[in-house]
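Breakdown of the fold
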Amino acid sequence: MEPTIASNIALLDATARRAQEYLSRSTTRAVAPQTADVDALRELQKPFPELPSPPAEVLSVIDRLGSPATVATTGGRYFGFVNGGVLPAALAASWMVSTWDQNVSLRVMSPAGGAFEDVALEWAIDVLGLPRTAGGALVTGATMANFCGLAAARHALLRRAGWLVEDDGLFGAPPVRVVVGDEVHISLLKALALLGLGRRRVERVPVDRQGRMRADALPDLDDRTIVCVQAGNVNSGAFDPAREICRRAHERGAWVHVDGAFGLWAAASPRFRHLTDGFGDADSWATDGHKWPNVGYDCGIAAVRDPEALRGAMAMASAYFAPGGRREPSQFSPEMSRRARGVELWAALRSLGRQGLAALIERTADHAKRFADGLRDRGYEILNDVVINQVLVSFGTPEVTRSTVSKIQEEGVLWCGATEWQGHTAMRISVSSWATTDEDVRVSLEAIDRAARECRRPESVG
């Protein structure tokens, strides 16, 4: 049967009903999927069908097999990695973006997509406390945002040395040094590998007991060095001393890049803004929209003090693909074909406003402190200074901690992951979702304590 507008609308109505049912269950179901639901995904492993399938049947399979096998990150008790929930306005925007099916590569392809992206980037640069002259790109996440910032750095430093790396490659190029803290995040190392700058070639700087880079331990720097600092250690939440590092780096002509996947958003909060002191002095920044602003997956933001350095690293053109006179999204990002994710970022920021964004950050940080205080009061060891939304807890021996984490995940009241940090095995609690409530924290604390008591040995906690 030929598709019609009416049949398409009917399908979307059915999709909306299924999505509503999914959301209504997300607050009561186990956070992790059941084993049987994951096993049921094997039903997908069939040969490519010869005949078409009705769209309603396709939707039914997606919901029947997919929905039960998801992790309930849209609820309030998912504390794994640093995953935010998706704000209602951002979810609605995502539906509209999919309906529009825009390729935001050149403005002629999508005037709306380009306009929303312009404003969303301007707002993000403003609220993050970055230079107003900075430019940027919207990408898939912090890995590609780090890639963009580091690509701009590579372009600028080698161009200064008389080498155009985008044309001539790295063979025979002047060497570029990269300096990182000893607890550098793997996304930044992946970006360095993709850029040909190497994961093992980095020079590592010692960190303090909270994972902050020690400015006094920086090596001698020069004008072909990229120094990478963190706004928000992925385990402890700690912030590097950016002002001092930027000062020393810029005295020698080095470039400073900030990996601020979630922590950079602390700049939006009057209470936590002091943590980002000095980070605006850097040359490039990477952060995520799908973490603290709760835009929904996927949304990363790259910003560069000198937009021409980013454009120099990314711009391409051809006879049929001719950029216009205004900013063209594809000339600042790795992708040529690009979803209109600027609409979703715009929707999240517009729905929150400056006060709502600050409240989201402060509320989730307060929840993290309640976790830390509640677990400490129950006799468990909190390993980090809880400065924002990250909590590291040990339940005793490494074996007890790991078994406690496994039991928590199996029971499904909440979800947290394990980590290894500065010689300790820990459970990592990251509170990032707008949907988390005081009741979620209370219920989760009880579940954590119950699991730990069942798993620990008598001497493990004291």
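Refer to the structure printed above.
Residues numbered from 1 in each chain as written. Predicted model: local features only at pLDDT ≥ 70, side-chain atom pairs only at ≥ 80, totals over all residues. Heavy atoms only, no water.

Now for the overall build of the protein chain. Across its full length, the protein chain holds 13 helices and eleven strands. Relative to a compact globule of 462 residues, whose C-alpha radius of gyration would be 23 Å, the protein chain shows 23 Å and is just as compact. Referenced to the eigenvectors of the C-alpha coordinate spread, the extents of the protein chain come out at roughly 70 × 60 × 45 Å. When each of the 462 residues of the protein chain is scored for burial, the buried share is 51%. Taking all contacts inside the protein chain whose residues are at least 6 apart in sequence as the whole, residues at least 24 apart take part in 75%. Only carbon and sulfur atoms are counted for the fraction: they give 55% of the accessible area of the protein chain, which is about 21000 Å². Both charge centroids of the protein chain, one from 52 positive and one from 56 negative side chains, sit 1 Å from each other. (Helix = DSSP H or I, 4+ residues; strand = E, 2+ residues; numbered from the N terminus. Rg over C-alpha atoms; globule rule 2.2 N^0.38 Å. Buried < 20%, exposed > 50% of the residue type's maximum accessible area, 1.4 Å probe, protein only. Contact = heavy atoms within 4.5 Å. Areas by Shrake-Rupley, 256 points an atom, 1.4 Å probe, with all protein chains shown as cover. Lys, Arg positive; Asp, Glu negative; His and termini not counted. Charge placed at Lys NZ, Arg CZ, Asp CG, Glu CD.)

Turning to the layout of surface pockets, a few remarks are in order. Looking at the largest pocket, its volume works out to about 750 Å³. Ala19, Tyr22, Thr74, Leu91 and Trp95 are the residues nearest the centre of the largest pocket, which is lined by 28 residues in total. Per element, the largest residue contribution to the lining of the largest pocket is six residues, and it comes from helix H4 (residues 88-100). The class makeup of the residues in the lining of the largest pocket is twelve nonpolar, 13 polar and three charged. Put simply, the second largest pocket is a space of about 600 Å³. Residue lining of the second largest pocket: 29 residues in total, with His185, Ile186, Ser187, Val234 and Lys291 positioned closest to the centre. A total of three residues in the lining of the second largest pocket trace back to one element, the largest contributor, which is helix H8 (residues 186-194). Class assignment for the residues of the lining of the second largest pocket results in ten nonpolar, twelve polar and seven charged. (1 Å grid on protein atoms, 1.4 Å probe; cavity = no way out; pocket = protein on both sides within 12 Å on 5 of 7 lines; lining within 4 Å. Points joined across faces, edges and corners; volume = space filled by probe spheres on them. Nonpolar A, V, L, I, M, F, W, Y, C, P; charged D, E, K, R; others polar.)

Moving on, we get to the nonpolar core. Membership of the largest hydrophobic core comes to 53 residues, with the highest contact counts inside it found for Val227 and Trp265. Secondary-structure elements contributing two or more residues to this core are helix H5 (111-127), strand E4 (225-230), helix H9 (242-251), strand E5 (255-259), strand E7 (300-304) and helix H11 (341-377). The element that contributes the greatest number of residues to this core is H11, accounting for eight residues. Apart from residues lying up to four places away in sequence, Trp265 is in contact with Val127, Leu128, Thr287, Asp288, Trp292, Pro293, Ile301, Leu349, Leu357 and Ile361. (Core = buried A, V, L, I, M, F, W, Y, C linked by side-chain atoms within 4.5 Å.)

Here the focus is the sheet that holds E4. The seven strands lie next to each other as E1-E7-E6-E5-E4-E2-E3, forming an open sheet whose pairing is mixed. The sheet terminates laterally at strand E1 (135-139) and strand E3 (203-205), the two strands that pair on one side only. Each strand axis lies, on average, 20° off the axis of its neighbour in the sheet, ignoring direction. Direction of pairing for strand E2 (residues 177-181) relative to E4: parallel, over a ladder of four bridges. Bridge assignment links Arg177 to a residue of E4, and that residue is Thr225. Its contacts with the sheet place helix H6 (residues 142-160) against E1, E4, E5, strand E6 (284-288) and E7, and it is angled at close to 180° to E5. (Pairing = 2+ DSSP bridges. Axes fitted to C-alpha atoms, helices over the stretch in contact; angles between N-to-C directions.)

Taken as a whole and judged by the stated rule, the model has one cavity of 30 Å³ or more. Of the pockets and cavities examined, the largest cavity occupies roughly 70 Å³. For the largest cavity, the lining is made up of 14 residues, of which Gly181, Val184, Cys228, Val229 and Gln230 are closest to its centre. Of all the secondary structure elements, the ones that give two or more residues to the lining of the largest cavity are E2 and E4. Here the lining of the largest cavity gets three residues from one element, more than from any other, and that element is E4. A class-by-class count of the residues in the lining of the largest cavity yields six nonpolar, four polar and four charged.

This brings us to the packing of aromatic side chains. Two measures describe an aromatic ring pair: the distance that separates the ring centres and the angle between the ring planes. Evaluated as defined, the whole model comprises ten aromatic pairs. Note on Phe239 and Phe279: the rings are 6.1 Å apart at their centroids and 75° apart in plane angle, and the pair reads as edge-to-face. Of this pair, Phe239 sits in the loop between E4 and H9 while Phe279 is found in the loop between E5 and E6, placing the two residues 40 residues apart along the sequence. With respect to class, Phe239 is no different from Phe279; both count as buried. (Phe/Tyr/Trp six-rings, centres within 6.5 Å; stacked < 30°, edge-to-face > 60°.)

In this structure the tally under the stated criterion is 38 salt bridges. As a salt-bridge pair, Arg247 and Glu244 come within 2.6 Å of each other at their nearest N and O atoms. One end of the pair is Arg247 and the other is Glu244, both in helix H9 and three residues apart, which spans about a single turn. Look at Arg247 and you get partly exposed, because its relative accessible area is 41%. By sharing partners, the salt bridges in this structure join Arg107, Glu117, Asp118, Arg326, Arg327 and Arg338 into a single network. (Salt bridge = Lys/Arg side-chain N within 4 Å of Asp/Glu carboxyl O.)

Considering the arrangement of structural elements, one finds Ala340 in the loop between helix H10 (307-314) and H11. Its relative accessible area of 3% is what places Ala340 among the buried residues. Between the C-alpha atom of Ala340 and that of Val97, which follows or precedes it by 243 residues, the distance is 6.3 Å. Leaving out residues up to four positions away in the same chain, Ala340 has contacts with Val97, Gln102 and Val104.

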